[in-house]
Structures are given as C-alpha cells and as structure tokens.
2 protein chains.
Amino acid sequence: MPDSPTGRRQPSGSASDSLRPRRDARSMPSLEEVAHRAGVSRSAASRALNNAPHVSPLKREAILKAAEELGYVPNATARALATNKVGSVVLVVPNEEPGFFADPFFSQIVVGIATALEKSDLVLTLMLASSGEGSDRLKRLLRSRSADGVMVLATRKDDPLNDIIESTDLPVVFCGRTLGREPRWYVDADNRGGARLAAEHLLGAGRRRIASIVGPMDSQASVARYQGFVDAVAAVGLPTDWIEEADFTYDDGARAMTTLLDRHPDLDAVFVGSDNMAAAALRVLKARERSVPDDVMVVGFDDLAVAQQAEPSLTTVSQPIRSLGHEMALMLMRVIDGESPSPIILPTHLVVRESAPSAERG
Amino acid sequence: MPDSPTGRRQPSGSASDSLRPRRDARSMPSLEEVAHRAGVSRSAASRALNNAPHVSPLKREAILKAAEELGYVPNATARALATNKVGSVVLVVPNEEPGFFADPFFSQIVVGIATALEKSDLVLTLMLASSGEGSDRLKRLLRSRSADGVMVLATRKDDPLNDIIESTDLPVVFCGRTLGREPRWYVDADNRGGARLAAEHLLGAGRRRIASIVGPMDSQASVARYQGFVDAVAAVGLPTDWIEEADFTYDDGARAMTTLLDRHPDLDAVFVGSDNMAAAALRVLKARERSVPDDVMVVGFDDLAVAQQAEPSLTTVSQPIRSLGHEMALMLMRVIDGESPSPIILPTHLVVRESAPSAERG
DNA sequence: ATGAAAGCGCTAACAC
DNA sequence: GTGTTAGCGCTTTCAT
C-alpha cells in the first residue's frame, strides 16, 4: 500500500467507502502544509497564526499569505485537544415546561446569547433536557468535557436537573433562579419590582378589589411576581389572597380566570403572571361580559407580541428577554476567563396599554 | 518541578492560575487509568468500552466495572480527533427573518431535532446566521470541521448563506427549499397541497370572490402556497390575482388585508399565507365591520397556537413543524452514515374552525 | 527568533 | 484475545 498523504496508516478500503461522500483531508490544508508552503516550521506557523510573539515580521507575512492562499482554517478539534478548551458553551433548557419557557421566550433568549457569542469564537450547543433519558445525556455531556461552560434556563424547584448541574465543575450561569438555591452566577429580571409596579398601577387607577393569576409556585419567577403583588397590595391594607395558581399556559390561565370570577364576582382588576395567561383572561372576561378595562382592568407580564395584538391591547410588565440571554452569555464568558462577576438583575418596566390605562375612564 | 500526574510538561504556574476555577484533569479519569485499574491495556479498555469484539468476557467485565467506579466518561474531543468524527451537527438559522421562522416555528423545529438526536450521541449546535459578520463565522465553522453535518432552515432566494452552504463538503439537509435551487436532501411540508385544500374549502363553502395574502415571493414556501391557491381557484375559472404580498409579520399582514379590502370591497374570502398574518387580517376585518365568517371567510396556514386563540378561531392548514425538524435530523444522520435518503414531503391538512366553517351558515 | 519534539486522550492497525 | 504503537492536528516547552 502506498503511503497515505498524511502518513497515517490507512484502513483497508472497504467497498462501501466509495459510496460515502467522503469529505477527507483532501481539501483541508493542515498547519503543516501552510508551514511548508511558507518555508517555515510548524511552530512558527502556529505562532504567526495565533498572533503570538517570536516571529519575524517577514515570516509572519509569508505564513499569513500561505494560509490565506490555501484557505487554511485550523481544525477546531485538534486545537481543543491541545489547549484543553473546547470552544463551545452549552445552553441547557429544561424541557417539557408547559408555557413559561415556551416559544417566544426560548427564541429570544437564544438570539440574545447568539449575539453575545458572535464576537467571541465560542459556539452554542443546545441541550433540551427532557426528564429521564435526557438527563443521562446531560450528565455525560458535562463530564465528557465537550463544553467550556454552561448556561441554564431557570428550573423548577424539584427538577432533577438541579443536582446534575450542581455537580459539574464547569462554570455555570443561570438565567433566573431556582427556589431554595442561590447560584453563584446568574442573571434575572426584576420580577418582584415589575409586579409591584403593575399592582401599584392598578391601585393608582383606583381599583381596590384586585385579584391575581399567579404562575406555578415552584417557579422562582412566579413567587417573586406574587411577592411584588403583595408588596403593593398589602401596603394599602388590601387582601392579597384573591389569587389562583395556573401553569403558564393559555388554557390554564382561562381556567384560573374563571375560578377567580366565580369566587370574587366583584373583582375590578387582575394582575396576571404572564401575557399568555392574560390573553386567556381577556377572553374569559369578554365571555363573562365584563368590559375591560371599565369593569375589570388587566395587567400581564412579559410584553410578548400577544400583548400588543390582544383586544384590548394588554398593559403589561416588560422584561428584556433578549438582554437576559445576552448578559447571561457575557457573564459566562467572564467566568470562563477566570473572573467572578456579580449577579445581574435587569430592570423591568410597565407598558401601559388599553387593558389598564393610566387614568380611570368614564 | 515534580512530574505532573499526566506526565505532560506543565506550564510554569502563573499567579492568576490559583484564581481560576481550574477544572483540571484531577477528577477526570482517563482511559489509561481505567485500564490500569482493571489490569489491562488501553486498547483492551477502549475495545471493551466501545463494545468492540476481541475482548474476553472476563476482562470486559472488569473494565466496565473499573470505568463505572472511576466514573469514567471518554473525552469527547480526543475521541473526535482520533475518529475524525466530531459528534455534533449544526443547525443554521437564517437570522433576521421577519416572521416566517419566527418564534414558534424555530422552537418547534428545535424540539423535533432534539428528540431525534436524543437517541444518537450527536449534539446540536446552533448557528444564527445573521448577515455580514455572521456568515464569516459560519464559513469558518464549516471549514474547521467542527460538525459532522449541517441542517439549514429554508433561506430566501438571494440569501448569501446559500453560496456558503453550497460550498461545504459536509452533508447538508434542508428544511424547506430555496427558490431556484434543488438541494439533494431536504424535508418540506406539502405547502402547495395544503394551500389547495384551503382554497377548495373556501370554494366548497360557496365563496367565489377569493383573495389571498401571500408571503414574500422570494420564499419558496410562499410561492408554493400561492401555487396551491391557484391550482384550486383557476380550476373553477375564477381570478387568481386578488392577491397582496406581505412579509409574514402581523403588521404587514394587517396592511395587506386593508389593501385587499380597498381594492376588492366585495371579497368574500381570503386565504392567508400564515396564521400570524391571518390573525392580523381578522383584526382588520373586524375593524372594517366585516363579519367573519359570514361576510368574509378566512383560512390561515401553520396551525400555531394563535389559530386556536384567535376570535373567531382560525380555520387553517396544519403543518407538522416538529416532525419537520425530527425528519430533518433523522435524514441528516442517515446521510452522515453514508446513505442517500430521498427527500421527504410531509403532508399538511386542513383544520376547520370558526373563521371558515364547513357548511355555509345562515 | 526558530525549530524539534513532546504531548493532549483516544482509536485502530498491526503483530503476536 | 491481547498488547504495542503510531498516529489524529494542534500547541507549547525547551534548546538552540
């Protein structure tokens, strides 16, 4: 057998080899080839291509030129092995979350992360951690050193993911928090403050019989939003127990609104823990022939597209989802670089629309 | 300096080293250690752990046990370098798409892919290919051999991405197609057939003045949907040019509906190229005091959550977004394995709801 | 400033 | 069936 170009022993070619779209080293120049073409050693080439010192300007020039001409791109795997840096970070998404981390949330976070990563040369790998089998994969992924760091979207209190994540020695940054845990690094939205603004807005509009549809109480964000609600409502001595829990989905939001209406027919405002559920609430209120905002004011949370498109449009607490992703990625990069950044709480603010205008109408 | 445990020359420790959360080989057992503990050679250990032949049951047992006890997980990077298989596939998402590949679409595709990948040990890496700088990254990513294959969400006709993708020698599978290109491997929904069903439904309900809001005509899916519309409408000799193009966003959908209404005040049905735009159309029709479905029937496309939640709920063409992702990933895995699967067109079907019921009312 | 050479942790060809 | 060994393509130390 003739020597292979790379000098490696070749497997005896099987019949099937020719069938495969073999994308071999053929067209992938190696450092060695660049060095050879530039007439220098591999180490020199390596140094030049990494902007390292100890290369004469002349050679550096030649090497860069050679690399350019050959279309050289370093083999990421080999580099990773040599440097013990993988060049990728993983985003862990607790799967099967009914609605909280549903569509718009997820995509926006990803976009935020991607824009942050764009400047680095880190690549984003995604891990949808469904329960059961999925967590085994995650465990292996983390132990197999195939990422330099981990980002995690907020988990529920008893998610088995929590322990898996906690047991890795990779840097981990959270988006949101988990009840009963205080991660070292996280970014979060000011859920409590935002919810307080919402409730104060309702109070400011003169409403005094305020109910709330809260998200699942094993979610830290839901609890924080409820606390914000309590902050405002308790401060003026009103009851804080006109509440109903729902699982962040549209359907369960509708159910909760119905329940509240049955229990407190005289309610004149409702603060809802997510826009999706708020949209459902609007629907129920309409069916029950309560006019919004005249009879009942509604404030949501998130400021998704649905808030603008709802009828009437939804007053809601806006949280900067993309920024959350962006900041999370930036923070992770800093941690990977050995820094120890402080947690970040991003501000939320009220967006006033038709479902709860600023001044009482009529 | 004392020998390092791994025998590698150590860099002289700098001051900053101690600051960093060094996650060193310390707790990461290597194959060598497993082999040693089991009292066999590295190759034996490797064979056993990969279920390869030529290992006596006894040793195999011992090796597996040792690995278990040490919590051994192979170093993915090293394995990748040795096998020339990376163990990951990349999903390329054309970024800045106004609405077509917006929120729900993107997440659902990803979920479909993730479930398909779960059984393999491939990992998903994400590449949001914004224009400009982003495409450079993509080029490098593809050339640096950091993935075993590529999945691409349908691009627009003149997207610079097209050329980049075409120039890679990695296996590529598309979701959807691109105008003027016929990829070797792709999955797609039966857009044309679904649109035809929609139009036929309208005709079957007795409507004869049918308009259509079509998506951007540089998107293959939009064109296919328009063709399906034409298939049905032209067959009965009705005009097929009551159409207005919109960019898949809610706002532009609203604008298009307004335009159509101005141009053809007597229209009695409209087929809309996406649910988002259809929701906007409903809104406009309501504002214009056209009753849906009595005055104007509306059929959408996609069957997103918004279709059920709209008021009236939206008759729409359902396309299996998750399956699209799932099949795309399965197909890619087959291509990576050297097979050459045929393209797949997944069926679409009509979901009849209030905005265009089956029988004329009244 | 430069190049030779020793690895990174794993797989696979080869000889026994 | 088993161990030895030569790489995968890159980085980095060390000697020059």
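With an unreviewed UniProt entry as reference, chain A is termed DNA-binding LacI/PurR family transcriptional regulator, source organism Microbacterium amylolyticum.

Engineer: Help me out: how do you make sense of the overall build of chain A in this one?
Structural biologist: Regarding its fold elements, chain A presents 13 helices and 12 strands. Counting the 362 residues in chain A, one finds 54% classified as buried. Long-range contacts, defined here as pairs at least 24 residues apart, represent 70% of the contacts in chain A between residues at least 6 apart. Total accessible area on chain A is roughly 16100 Å²; 50% of this is exposed by carbon and sulfur atoms.

Engineer: Could you clarify how one ought to interpret the interface of chain B and chain A in this entry?
Structural biologist: Interface extent is often summarised as the accessible area lost during association of the parts. Taken residue by residue, the interface counts 62 residues in chain B and 61 residues in chain A. For the pair chain B and chain A, the summed buried surface comes to about 5600 Å²; carbon and sulfur atoms form 50% of the total. Here chain B and chain A share 4 salt bridges between them. Those elements giving two or more residues to the side of chain B that touches chain A turn out to be helix 4 (76-83), helix 5 (103-119), strand 2 (123-129), helix 6 (133-143), helix 11 (275-287) and helix 12 (305-309) of chain B.

Engineer: Would you mind going over the sheet that holds strand 8 (residues 269-272) of chain A with me for this structure?
Structural biologist: The strands making up a sheet are joined through hydrogen bonds of the backbone, oriented either antiparallel or parallel. All names here are of chain A. One open sheet accounts for 6 strands, arranged 7-6-8-9-10-12; its pairing is mixed. Edge positions in the sheet fall to strand 7 (243-245) and strand 12 (349-351), since each has one partner strand and no second. Strand-to-strand twist in this sheet, taken as the mean axis angle between neighbours without regard to direction, amounts to 20°. Here strand 10 (residues 315-318) runs beside strand 12; their pairing, made up of 3 bridges, is antiparallel. Opposite Thr316, over in strand 12, you have Val351 as the bridge partner. Most of the contacts of helix 8 (residues 191-204) go to strand 9 (residues 297-302), to which it runs at about 165°, and overall it touches strand 6 (210-214), strand 8, strand 9, strand 10 and strand 12. Where helix 9 (residues 220-235) meets the sheet, it contacts strand 6, strand 7, strand 8 and strand 9, and its direction lies at approximately 170° from that of strand 6.

Engineer: Just checking my understanding: could you explain the domain arrangement of chain A for this structure?
Structural biologist: All names here are of chain A. Parsing chain A into structural domains produces domain 1 (26-83), domain 2 (88-188 + 322-346) and domain 3 (191-320). The C-alpha centroid of domain 3 is placed 29 Å from the C-alpha centroid of domain 2. Listed per partner, the contact involves 15 residues of domain 2 and 15 residues of domain 3. Of the roughly 1300 Å² buried at the junction of domain 2 and domain 3 (both faces included), carbon and sulfur atoms supply 62%. For Asp218, the salt bridge goes to Arg156, with nearest N and O atoms at 3.2 Å. Taken together, the links from domain 2 to domain 3 amount to 5 residue pairs in polar contact (both at pLDDT 80 or more). The set of elements that each furnish at least two residues to the side of domain 2 that touches domain 3 consists of helix 5 (103-119) and helix 13 (321-336). Considering every element that reaches the side of domain 2 that touches domain 3, the biggest residue donor is helix 13, with 3 residues. Grouping the amino acids of the side of domain 2 that touches domain 3 by side-chain chemistry returns 7 nonpolar, 3 polar and 5 charged.

Engineer: Just to check I follow, could you spell out the sheet that holds strand 2 of chain B for this structure?
Structural biologist: Pairing is mixed in the open sheet, where 12 strands are placed in the order 11(A)-5(A)-4(A)-3(A)-1(A)-2(A)-2(B)-1(B)-3(B)-4(B)-5(B)-11(B). Edge positions in the open sheet fall to strand 11 (344-346) of chain A together with strand 11 (344-346) of chain B, since each of these has one partner strand only. Taken pair by pair, the neighbouring strands of this sheet meet at an average axis angle of 20°, ignoring direction. Bridging between strand 1 (residues 88-94) of chain B and strand 3 (residues 149-153) of chain B involves 4 bridges; their strand directions are parallel. Bridge assignment links Leu91 of chain B to a residue of strand 3 of chain B, and that residue is Met151 of chain B.

Engineer: I would appreciate a short explanation of the packing of aromatic side chains in the present structure.
Structural biologist: In this description, an aromatic ring pair is defined by two values, namely the gap between the centres and the angle between the planes. Under the defined criterion, the tally for this structure stands at 7 aromatic pairs over all chains. Residues Phe106 of chain A and Phe106 of chain B carry aromatic rings whose centres are separated by 5.8 Å and whose planes lie at 10° to one another, so their mutual orientation is stacked. Highlighted residues: Phe106 of chain A in helix 5 and Phe106 of chain B in helix 5, drawn from two different chains. Both residues of the pair, Phe106 of chain A and Phe106 of chain B, count as buried. Residues Phe229 of chain A and Phe271 of chain A carry aromatic rings whose centres are separated by 6.2 Å and whose planes lie at 15° to one another, so their mutual orientation is stacked. Linking Phe229 of chain A in helix 9 with Phe271 of chain A in strand 8, this pair joins segments that are 42 residues apart in sequence. In terms of burial, Phe229 of chain A and Phe271 of chain A fall into one category: buried. An aromatic cluster of three or more residues is present, and its members are Tyr226, Phe229, Phe271 and Phe301 of chain A.

Engineer: Honestly, the UniProt feature "domain: HTH lacI-type" (unreviewed entry) in chain A in this entry has me stumped. Any pointers?
Structural biologist: Residues given the UniProt feature "domain: HTH lacI-type" (unreviewed entry) here are residues 29-83 of chain A. Measuring from the first to the last C-alpha atom of residues 29-83 of chain A gives 20 Å, for a span that is 69% helix and 0% strand.

Engineer: Help me understand the pairing of strand 8 of chain A, please; the structure alone is not making it clear to me.
Structural biologist: All names here are of chain A. Of the two faces of strand 8, the one holding Ala269 and Phe271 and the one holding Val270 and Val272 are both buried throughout. Taken together, the 4 bridges between strand 6 and strand 8 define a ladder with parallel strand orientation. Paired with Ala211 across the bridge in strand 8 is Val270. Bridge count between strand 8 and strand 9: 3 bridges; the pairing is parallel. When the bridges of strand 9 are listed, Phe271 appears paired with Val299. With helix 11 (residues 275-287) bridging strand 8 and its parallel neighbour strand 9, the resulting β-α-β unit is right-handed.

Engineer: What am I meant to see in the relation of the copies chain B and chain A here?
Structural biologist: The operation relating the two chain copies consists of a rotation about an axis and a shift along that axis. With an axial shift of 0.0 Å and an RMSD of 0.1 Å, the rotation relating chain B to chain A amounts to 180°. One copy is carried onto the other by what is essentially a two-fold rotation axis. By C-alpha distance to the rotation axis, the residue of chain B lying nearest is Thr125 of chain B, at 2.0 Å. When the interface residues of chain B are mapped onto chain A, 95% of them are again interface residues, pointing to one common binding face.

Engineer: What am I meant to see in the packing of helix 1 (residues 31-38) of chain A against helix 3 (residues 57-70) of chain A here?
Structural biologist: Describing two packed helices takes the angle between their axes plus the distance from one axis to the other. Residues and elements named next belong to chain A. At their nearest, the axes of helix 1 and helix 3 sit 8 Å apart, and the two run at 125° to each other. Here helix 3 runs oblique to helix 1, going by the angle between their axes. Remark: the crossing between helix 1 and helix 3 carries right-handed chirality. Across from Glu33, Val34, Arg37 and Ala38 in helix 1, the residues of helix 3 making contact are Ala62, Ile63, Ala66, Ala67, Glu69 and Leu70. Residue classes in the contact of helix 1 with helix 3 are distributed as 7 nonpolar, no polar and 3 charged.

Engineer: Looking at this model, I keep getting lost on the side chain of Asp302 of chain A. Mind explaining?
Structural biologist: Residue and element names in this part refer to chain A. Within the fold, Asp302 resides in strand 9. According to the relative accessible area criterion, Asp302 is buried, its value standing at 7%. A polar side-chain atom of Asp302 sits 2.9 Å from a polar atom in the side chain of Gln319. Excluding residues that lie within four positions of it along the chain, Asp302 makes contacts with Arg225, Ser274, Asp275, Thr316, Val317, Ser318 and Gln319.

Engineer: How should the nonpolar core be read in this particular structure?
Structural biologist: Note that soluble globular proteins tend to have their nonpolar side chains buried in a common cluster. Within the largest apolar cluster, 66 residues are counted, with the highest numbers of intra-cluster contacts made by Leu91 and Met328 of chain A together with Leu91 and Met328 of chain B. Leaving out residues up to four positions away in the same chain, Leu91 of chain B has contacts with Val110, Ile113, Leu124, Thr125, Leu126, Met127, Met151, Leu153 and Met328 of chain B.

The rules behind these values
The residue count restarts for each chain, going from 1 along the sequence in the order it is written. Here every chain gets a letter starting at A, and every ligand a number starting at 1, in the order they are written. Side-chain atom pairs in this predicted model are given and counted only at pLDDT of 80 or more, local residue features only at pLDDT of at least 70, and totals for whole chains, interfaces and linings cover all residues. To obtain the side-chain values, all non-hydrogen atoms of the structure were included, while hydrogens and water were left out. Helix and strand definitions follow DSSP, with helices as H or I runs of at least four residues and strands as E runs of at least two, each counted in order from the N terminus. Classification of residues uses two cut-offs on accessible area relative to the type maximum, computed with a 1.4 Å probe and protein chains only: under 20% is buried, over 50% is exposed, and between them is partly exposed. Note on definitions: a residue-residue contact is assigned when non-hydrogen atoms from the two residues lie within 4.5 Å. We get accessible surface area from the Shrake-Rupley algorithm with a probe of 1.4 Å; when it comes to residues, only the shown protein chains can shield them. Here the quantity called buried area is the accessible surface, traced with a 1.4 Å probe, that two parts lose on coming together, added over both. The term salt bridge refers to a side-chain nitrogen of Lys or Arg lying within 4 Å of a carboxyl oxygen of Asp or Glu. Pairing between strands requires that DSSP locate at least two bridges from one strand to the other. Axis geometry follows a simple rule: fit a line to the C-alpha atoms, using only the stretch in contact for helices, then measure angles between N-to-C directions, giving values from 0 to 180 degrees. A domain assignment, automatic or from a database, supplies the domain bounds used here. Polar contacts here mean pairs of N or O atoms no more than 3.5 Å apart (in protein, one a potential hydrogen donor and the other a potential acceptor; neighbouring residues in sequence count only if both atoms are side-chain atoms). Each residue gets one of three labels, nonpolar for Ala, Val, Leu, Ile, Met, Phe, Trp, Tyr, Cys and Pro, charged for Asp, Glu, Lys and Arg, and polar for the others, Gly among them. The aromatic pairing rule takes the rings of Phe, Tyr and Trp, using the six-membered ring of Trp, and pairs them if the centres are within 6.5 Å, calling planes under 30 degrees apart stacked, those over 60 edge-to-face and the rest tilted. UniProt positions are given in the numbering used here, feature names are shortened, and annotations may be inferred rather than shown by experiment. Orient the strands so they point away from the viewer, and a crossover whose first-strand-to-second-strand path over the helix runs clockwise is right-handed. For this overlay, a least-squares fit was computed on C-alpha atoms, restricted to residues scoring pLDDT of at least 70 in both copies. For classification purposes, an angle smaller than 35 degrees is called roughly parallel, one larger than 145 roughly antiparallel, one from 65 to 115 roughly perpendicular, and anything else oblique. In a left-handed crossing the near helix is turned counterclockwise from the far helix by less than a right angle, and in a right-handed crossing that turn is clockwise. Nine residue types can take part in a nonpolar core, namely buried Ala, Val, Leu, Ile, Met, Phe, Trp, Tyr and Cys, and a core is a set of them joined through side-chain atoms within 4.5 Å.

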